[in-house]
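# Overview (structure and organization)
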Number of protein chains: 2
Amino acid sequence: MNEAMLPKILGHVRQTSILQSTMSMLEWDQNTGLPPQAAEYRAEQLTLLAGMVHQRQIDPVMGEWLDQLDTSSAQEDPSSPARVIARCMKREFDRCRRLPQALVEELSHATSIGQQVWVESKLSDDYQRFLPQLKRIVELKQQEADCLADPGQSRYEVMLDSYEEGATVDRIQKIFGALRESLVPLIREGSERCARLGPSVVEGHFPIVPQQRFSKWVAERIGFDFQRGRLDQTEHPFCTTLGPHDHRILTRFSEDSFSSGLYGVLHEAGHGMYEQGLDPQWYGTPLGSAASLGVHESQSRLWENLVGLAEPFWRWAHGPLLQHFPTEFRDVSTERLVQDLNRVQASLIRIEADEVTYNMHILIRFELEKQLMSEQLRVEDLPEAWREQYRDYLGISPTEDRTGVLQDVHWSAGLIGYFPTYTLGNIYAAQLYAVADRQLGGLASQIERGEFRPLLDWLVERVHRHGQTYLPMELIERATGEPVDSRYLVEHLATKCR
Amino acid sequence: MNEAMLPKILGHVRQTSILQSTMSMLEWDQNTGLPPQAAEYRAEQLTLLAGMVHQRQIDPVMGEWLDQLDTSSAQEDPSSPARVIARCMKREFDRCRRLPQALVEELSHATSIGQQVWVESKLSDDYQRFLPQLKRIVELKQQEADCLADPGQSRYEVMLDSYEEGATVDRIQKIFGALRESLVPLIREGSERCARLGPSVVEGHFPIVPQQRFSKWVAERIGFDFQRGRLDQTEHPFCTTLGPHDHRILTRFSEDSFSSGLYGVLHEAGHGMYEQGLDPQWYGTPLGSAASLGVHESQSRLWENLVGLAEPFWRWAHGPLLQHFPTEFRDVSTERLVQDLNRVQASLIRIEADEVTYNMHILIRFELEKQLMSEQLRVEDLPEAWREQYRDYLGISPTEDRTGVLQDVHWSAGLIGYFPTYTLGNIYAAQLYAVADRQLGGLASQIERGEFRPLLDWLVERVHRHGQTYLPMELIERATGEPVDSRYLVEHLATKCR
């Protein structure tokens, strides 16, 4: 029976993923250089393809095939291709079927408008303007969660589960609670240490072209395969996959800040290397897709933070850096460079935060999102709640909403339950790195010699190649041999603060 | 009846053209920076979309609608929208219906792979590597022609007619025969004159970045709208339309030759301005599509050659040129610049050929294509036949295939019967320019002042806006008030040789 069902399902999925990857192509182009007047037609192209993809996704014949695959493979090992495909695709199919078409369309419309209004509201620092849109989005997301919830499942749990399957609110709450307790003293120590430092060597004026060249060189050396990818510029950095051998990093360089461009590339290259490490033979299926957002983020954070911000990396990269910036970094020691790249200080903007305080930004959003979904917090009262949380968690508070509640695009795009995956990614990354370090006999000396291959191979074998075979936390547990634990992240962050 | 049929047809066409323009997007990307290993999947994407487009094109309901439109509009003026749409789309519908789906898909796949292999073969000067691909493409094109041929119509005639409706092999043969006779003495005269000149000022070393900037500036000033388009780099220059307001020029710059980059841009900008001059309201329909390849080429050649290579253009552009190349063109007079840009000399590379010998390159390809389609020439023997023809027509012959039979992308993309439209374009261009010059009261003085708008407006009104309302040669006749005649081209070329 399997033998009959699986090829049918895979053939159907293959065509769907060709259309989806074509949409990614159109979106990539939209973000790299669509002529101004071409935007309207591009939306028309994307709408048509999105409709085609949706029709294929809810095709009843697919539901039947999946049911048959599920029945016929029930006795197999849960990690066998048939079981994984049956589990993951049935889940997705059932989700799609539980959502009324009208709700899907209204959400799509509300979030499309929502993002536009968010941009304007942020620019004019006017939360009241955004309020009706956000209220509607939150209502619709509540309805969506109600449609999708299993008996006894809370709305926020449903949302979280759609990004990080198997992660319960309870478990995240415990992990985040422990993390917060550890971070509070660390941030105090780190900030005090930082206050004693002079001006930073990584702020100043850095021409774009050598930044691009150096970043691309680094991306290539750590293992991003340019035979199967490329690097381009855009307004908002991201990484996208256009096919089984086509992974594209998009980033932004700033003349004022050396670190934002390079670390943007390292971050997106980490995402890209994960995609490149998936099994291309299973492209478009759960076996060839990333395990979760949290696991994806673990790969970007690992290369950006655990590797790229540490001293061994700069003992290797300092020389090449000087070749690209002979005057800018003249007479700067490796120690000084690393110190300045790792300054710890409470700040208002999440995407500009250092590695240590970053997680506090996430914890704040996690608390607020939960309350919004359970109606404990009214959307009207969100800006005040935001300020309170910042005072409470970071000891600072924004005076304007544009540096407060309006700073992130996520909620305007309907992405609620998404933020926690960033900190989960940090936690997974630290744990993976610590175990790899132990098993590979000391990563510091390898990295110092520019040898990144053993680490990447380890990640490919332990993490990438499994696709969605295991639930995210189970995957990390199997890869590292122990349950997910934030202590590795805390230990790692402690080195930045003492 | 019209009122009922036309909107239905237009709605159907709209969706088809969205899919077609999405294919153009995928192809544009394939030519600007597809990662090497992504080629195969890209071919898969294009194949799927080509199949979908083909399905829509042969949709029987469309055939019925078109028949009904044809009947109901039979009394209308032949240039009314309903009549034009009925005529052009019925022709296209009948063509498509004659092609088996499998052949369409195989051709799409073979030419997608073919282009990739061609690039590699050209780089490594290895015709044998390209041979199996080209053989397959020629076979498939022969099959295609056999499917499409009316009784008594030769394969090559079918191919030609698909690019230049109404142009018969007989008529082209006569026009080309006469042209060859006029060109032989002109090329002799021009070459003798050229041999007496010293080293050329347009050869040397020209950095790429100022070439790009100057070329882009020129494209903008002659009227290419960058709000509705962009300019990128590629291996083989071309121009493509991705939507009603999205027209993209792709070109190549060489550090050794100043003219190839600039004139590549002028040429492609001419194509782009034609596309931008079509009526966007009729996008995707025959009324909003170029009349033919020959007419398309007339627009590119007009801007590249008739405008860009003449002295008035350089009296305007010489100053700005010096701003971009202050040392390279120091102490070079406008006369000298124009003289060196217009040197006549037999050479091996079509796209680098001067305006006079250029047509000989086309005549050679016309002969070879005809023989390939009729199986008088085997694909295996093509390199040798190529060398022979060059000796015969131009008195020189390549020693490497990369400067011989591998130089052009066309055949690898399945474009057979396409080359003659280049020389037809030259003929149309010279005729259009001569008449516009007369009617607009002397273009030389306008161009010398950098005023290109009157000429462009004239072309938009006389040529662009009509789309496919008239057959190509009829359109040129209506625009200029006289039948197509190569004497304008010969008169124009004579000025370069004497």
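Residues numbered from 1 in each chain as written. Chains lettered and ligands numbered in written order. Predicted model: local features only at pLDDT ≥ 70, side-chain atom pairs only at ≥ 80, totals over all residues.

## What to know about the overall build of chain A
Helix and strand counts for chain A stand at 20 helices and three strands. Relative to a compact globule of 498 residues, whose C-alpha radius of gyration would be 23 Å, chain A shows 23 Å and is just as compact. Considering only C-alpha atoms, chain A reaches an extent of 65 × 50 × 50 Å along its principal axes. Within chain A, buried positions represent 44% of all 498 residues. Contacts in chain A between residues at least 24 apart in sequence constitute 71% of all its contacts with a sequence separation of at least 6. (Helix = DSSP H or I, 4+ residues; strand = E, 2+ residues; numbered from the N terminus. Rg over C-alpha atoms; globule rule 2.2 N^0.38 Å. Buried ≥ 20, exposed ≤ 12 C-beta atoms within 10 Å, placed from the backbone. Contact = placed C-beta atoms within 7 Å.)

## Section: the domain arrangement of chain A
Residues and elements named next belong to chain A. For chain A, the assigned domains read domain 1 (1–98) and domain 2 (108–498). When residues of the side of domain 1 that touches domain 2 are traced back to their parent elements, those giving at least two are helix H1 (2–32) and helix H4 (81–98). A class-by-class count of the residues in the side of domain 1 that touches domain 2 yields nine nonpolar, six polar and four charged. (Domains from an automatic or database assignment. Nonpolar A, V, L, I, M, F, W, Y, C, P; charged D, E, K, R; others polar.)

## Here's the deal with the sheet that holds strand E3 (residues 246–251) of chain B
Residue and element names in this part refer to chain B. Spatial strand order, E1-E3-E2: three strands in an open sheet with mixed pairing. The sheet is open, and its two edges are formed by strand E1 (229–233) and strand E2 (238–243), each paired on a single side. Between one strand axis and the next, the sheet turns through 20 degrees on average, direction left out of account. Alignment of E2 against E3, held across five bridges, turns out to be antiparallel. Bridged to Phe238 within E3 is Leu250. (Pairing = 2+ DSSP bridges. Axes fitted to C-alpha atoms, helices over the stretch in contact; angles between N-to-C directions.)

## What about the interface of chain B and chain A?
How big an interface is tends to be expressed through the accessible area that disappears when the partners come together. Across the boundary between the two partners, chain B contributes 27 residues, which contact 26 residues of chain A. Elements represented by at least two residues in the side of chain B that touches chain A include exactly helix H1 (2–32), helix H2 (39–57), E1 and E2 of chain B. Looking at side-chain class alone, the side of chain B that touches chain A contains 11 nonpolar, 10 polar and six charged residues.

## Details of the confidence of the model for chain A
Fine structural detail should not be taken from predicted coordinates in areas where pLDDT scores are low. Mean pLDDT for chain A: 94, with 99% of residues reaching 70 or above. Scored by ipTM, the complex comes to 0.89, with pTM at 0.88. (pLDDT = per-residue confidence, 0-100.)

## Here we look at the pairing of E3 of chain B
Residues and elements named next belong to chain B. Within E3, six of the six residues are buried, which leaves the element mostly enclosed by the surrounding structure. Neither face of E3 is exposed, since Asp246, Arg248 and Leu250 on one face and His247, Ile249 and Thr251 on the opposite face are all buried. In the sheet, E1 pairs with E3 via five bridges, with the strands oriented parallel. Paired with Leu231 across the two strands is Ile249, which belongs to E3. Linking two consecutive strands that pair antiparallel, namely E2 and E3, is a turn of two residues.

## Some words on the packing of helix H11 (residues 293–307) of chain A against helix H16 (residues 420–439) of chain A
Residue and element names in this part refer to chain A. Viewed as axis vectors pointing N to C, H11 and H16 meet at an angle of 60 degrees, and their least axial separation amounts to 7 Å. With respect to H16, the axis of H11 lies oblique. Helix-helix and strand crossings are classified by hand; for H11 and H16 the assignment is right-handed. Facing Leu293, Gly294, Val295, Glu297, Ser298, Arg301, Leu302, Asn305 and Leu306 of H11, the residues of H16 in contact are Thr421, Tyr422, Leu424, Gly425, Asn426, Tyr428, Ala429, Ala430, Leu432 and Tyr433. (Parallel < 35°, antiparallel > 145°, perpendicular 65-115°, else oblique. Left-handed = near helix turned anticlockwise from the far one by under 90°.)

## Concerning the environment of Leu99 of chain A
All names here are of chain A. If you trace the backbone, Leu99 turns up in the loop between H4 and helix H5 (101–123). In this structure Leu99 comes out as partly exposed when scored by C-beta crowding, with 16 C-beta atoms within 10 Å. Taking the C-alpha atoms as reference points, Leu99 and Leu475, 376 residues apart in sequence, are found 29 Å from one another. Apart from the residues lying within four places of it in its own chain, the contact partners of Leu99 are Val104, Glu144 and Cys147.

## Remarks on helix H3 (residues 60–72) of chain A
Residues and elements named next belong to chain A. Across its 13 residues, H3 extends 19 Å between first and last C-alpha, which sits within 8% of the 18 Å expected from 1.5 Å per residue. Every buried residue belonging to H3 is among Met62, Trp65, Leu66 and Leu69, and all of these are buried. Looking down the long axis of H3, one finds its buried residues gathered within 100 degrees of arc, a one-sided arrangement. Of the exposed residues in H3, those oriented more than 90 degrees away from the buried face are Pro60, Glu64 and Thr71. (Expected span 1.5 Å × (residues − 1). Arc of directions from axis to C-beta.)

## Concerning the packing of H3 of chain A against H4 of chain A
Residues and elements named next belong to chain A. Packing of H3 against H4 leaves a shortest axis separation of 9 Å and a crossing angle of 140 degrees. Relative to H4, the element H3 is oriented oblique. Along this stretch, H3 crosses H4, giving a crossing that reads as left-handed. Packed against H3, whose contacting residues are Met62, Gly63, Leu66, Leu69 and Asp70, the element H4 presents Ala82, Ile85, Ala86, Met89, Lys90 and Phe93 at the interface. In terms of residue class, the contact of H3 with H4 is made up of eight nonpolar, one polar and two charged.

## Some points on the relation of the copies chain B and chain A
Superposition record for chain B on chain A: RMSD 1.7 Å, screw rotation 171 degrees, translation along axis 0.8 Å. In this assembly, 96% of the residues forming the interface of chain B have copies in chain A that are likewise at the interface, indicating an isologous arrangement. (Least-squares fit on C-alpha atoms with pLDDT ≥ 70 in both.)

## Remarks on the sheet that holds strand E2 (residues 238–243) of chain A
All names here are of chain A. A sheet is described by the order of its strands in space; here three strands give the open sequence E1-E3-E2, paired in mixed fashion. Two strands in the sheet have a free side with no partner beyond their single neighbour: strand E1 (229–233) and E2. Pairs of neighbouring strands in the sheet enclose a mean axial angle of 20 degrees, with direction left out of account. Docked against the sheet, helix H10 (residues 258–277) engages E1, E2 and strand E3 (246–251), running at close to 165 degrees with respect to E3.

## Examining the environment of Phe176 of chain A
Residues and elements named next belong to chain A. You can see Phe176 is positioned in helix H8 (residues 169–195). Under the C-beta neighbour-count criterion, Phe176 is labelled buried, with 21 such atoms within 10 Å. Considering only alpha carbons, one finds Phe176 and Thr423, 247 residues apart in sequence, at a separation of 8.5 Å. The residues touching Phe176, leaving out its near neighbours within four places in the chain, are Leu363, Phe366 and Thr423.

## Considering unusual backbone geometry
Residues and elements named next belong to chain A. Even without glycine at this site, Asp125 takes up a positive phi of about 50 degrees. Phi at Asp331 takes a positive value of approximately 65 degrees, unusual for a residue other than glycine. Checked against the element boundaries, Asp331 lands in the loop between helix H12 (311–324) and helix H13 (334–341).

## So, helix H15 (residues 382–394) of chain B
Residues and elements named next belong to chain B. For H15, with 13 residues, the first-to-last C-alpha span of 17 Å sits near the 18 Å given by 1.5 Å per residue. When we look at burial in H15, the residues that qualify are Leu382, Trp386, Tyr390 and Tyr393. Each buried residue of H15 lies within a common arc of 85 degrees when the element is viewed along its axis, so the set occupies one face. Exposed and oriented more than 90 degrees from the buried face of H15 are Glu384, Arg391 and Asp392. Among the structural elements, helix H14 (358–373) are those in contact with the buried residues of H15. The positive-phi residue at the C-terminal boundary of H15 is Gly395, with phi of around 75 degrees.

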